[in-house]
Structure formats: C-alpha cells, structure tokens
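# Close look at the chain arrangement
Here is how the chains run, residue by residue.
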Amino acid sequence: MVVAALFLFSACGTVVPEDELARRVRASHPTWQSYSEDIKAQLGAGPAAEWEGSLREVRVEGDEIRVVVALSGPWAKRTVAAPVLLNDPVGGARQNITAERDDSRVTYGFTLPASQAGLAVPWVELKFPNGERRVTLSEKGTWSAPAKPTENPPE
C-alpha cells in the first residue's frame, strides 16, 4: 500500500519533457462535458495543474473567433499551448484549431461553421485547464478584459 502511494506521488510529480508535452497536446481531444478530467488524463495531472492564465480578449474576425489569453507560471515559458474549448450559440462546442504564441500570450483560433459565417455571436463560453469563463460580446463581436489598475496612478 505504501509502495503504491509512493509510486503514485512520484508519477504525479514527474516533470514532463517539452517534446512529450507537445505530443500530448497534439493528440488531445477533450470533450465539453468532461473537459477537466480529459485534460488531466491527456496532458497529465501535473501540467494541467500548472496552467495559469487570464482571459484578455475575444473577437470575431470573419469566419473565426480569436481568444487571447495571458499566461503566467510554467506555461508562460512553454512553446506549446494547452488545448482550450469554446462553446457559442452559433457553432456549438469545439477545440481550438490554432494557438499562436507571442511571449506569454496565446491567441487561440476557433472556426465558425461556413453556414453560420456573418451571424452575430452574442456570447462565448471557454474551458481552460484550471477553469471556465463566459463572456458577452459587443454588437461588433468583441470583448476585452478591463485594464488592470496601476500601482501608482498618475496624479
């Protein structure tokens, strides 16, 4: 019993090499209903627990929804991006098809169905490795996080 507990503890604490994590990300296909459990099983519990991010922007651009996330912690330094799911009333639930890195920011891309392109997207729900978020989009199809207050506001 003690040996099994030690094995489990050491397996959860193992650092996953970047190339192995990239392989796991490419192979991952989490579902909307069990995203949290799927992401832990597909990426590993350790990498999933290390994910820290802040939603910064959502915008509809033609036949695509673009979602910008600012990362911190270990994922901010990685070359891969954890899979994210998006749900909206126009296209339903789906996984990102692109993830463009820019330092510690990732811009995720989700396609809109061709038959639905041009329709207004009133809201989106997002699932991340450590949470979920729902935002209401403007009439222009955009949402931005409020600016962070500065520590020393100008006088």
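The coordinates are above.
Read on for a plain summary of the structure.

Cut-offs applied
- Sequence order as written defines the numbering, with residues in each chain counted from 1.
- In view of the model being predicted, local features appear only for residues whose pLDDT reaches at least 70, and side-chain atom pairs are presented and counted only at 80 or more, with totals across whole chains, interfaces and linings using the full set of residues.
- Each side-chain value is worked out from all heavy atoms of the structure, with water and hydrogens disregarded.
- Whether two strands pair depends on DSSP finding at least two bridges between them.
- Note on conventions: DSSP H or I runs of at least 4 residues are helices, E runs of at least 2 residues are strands, and numbering of each starts at the N terminus.
- Comment: axis = line fitted to C-alpha atoms, over the contacting stretch for helices; angle = value between 0 and 180 degrees taken between N-to-C directions.
- The rule for a salt bridge is simple: a side-chain nitrogen of Lys or Arg has to be within 4 Å of a carboxyl oxygen of Asp or Glu.
- Here's how the labels work: a residue is buried when its accessible area is under 20% of the maximum for its type, exposed when over 50%, partly exposed in between, all with a 1.4 Å probe on protein chains only.

Our next topic: the sheet that holds strand E6 (residues 105-111). Taken in spatial order, the 5 strands line up as E5-E6-E2-E1-E9 in an open sheet, and their pairing is antiparallel. The strands lining the two open edges of the sheet, one partner per strand, are strand E5 (98-102) and strand E9 (142-144). Between one strand axis and the next, the sheet turns through 20° on average, direction left out of account. Taken together, the 5 bridges between E5 and E6 define a ladder with antiparallel strand orientation. Residue pairing for E6: Ala99 is matched across the bridge by Tyr108.

Time to look at the pattern of salt bridges. Inspection of the entire model under this criterion finds 10 salt bridges. In this structure, Glu20 and Arg23 form a salt bridge, with 2.7 Å as the shortest nitrogen-oxygen distance. Of this pair, Glu20 and Arg23 are both found in helix H2 (residues 18-27), 3 residues apart, which corresponds to roughly one turn of the helix. Given the relative accessible area of 42%, Arg23 is considered partly exposed. Each of Glu57, Arg59, Glu61, Glu64, Arg66 and Glu100 takes part in one network of salt bridges that share partners.

The two faces of a sheet get side chains in turn, since along a regular strand they alternate between them. Counting buried positions along strand E2 (residues 64-72) gives 8 out of 9 residues, so the element sits mostly inside the fold. Both strand E1 (residues 52-61) and E2 contribute to a ladder of 9 bridges, which runs antiparallel. Paired with Arg59 across the strands is Arg66, a residue of E2. Where E1 hands over to E2, the hairpin turn is made up of 2 residues, of which Gly62 adopts a positive phi near 65°. Sheet topology note: the E2/E6 ladder contains 7 bridges and is antiparallel. Following the sheet pairing, Val67 is matched in E6 by Tyr108.

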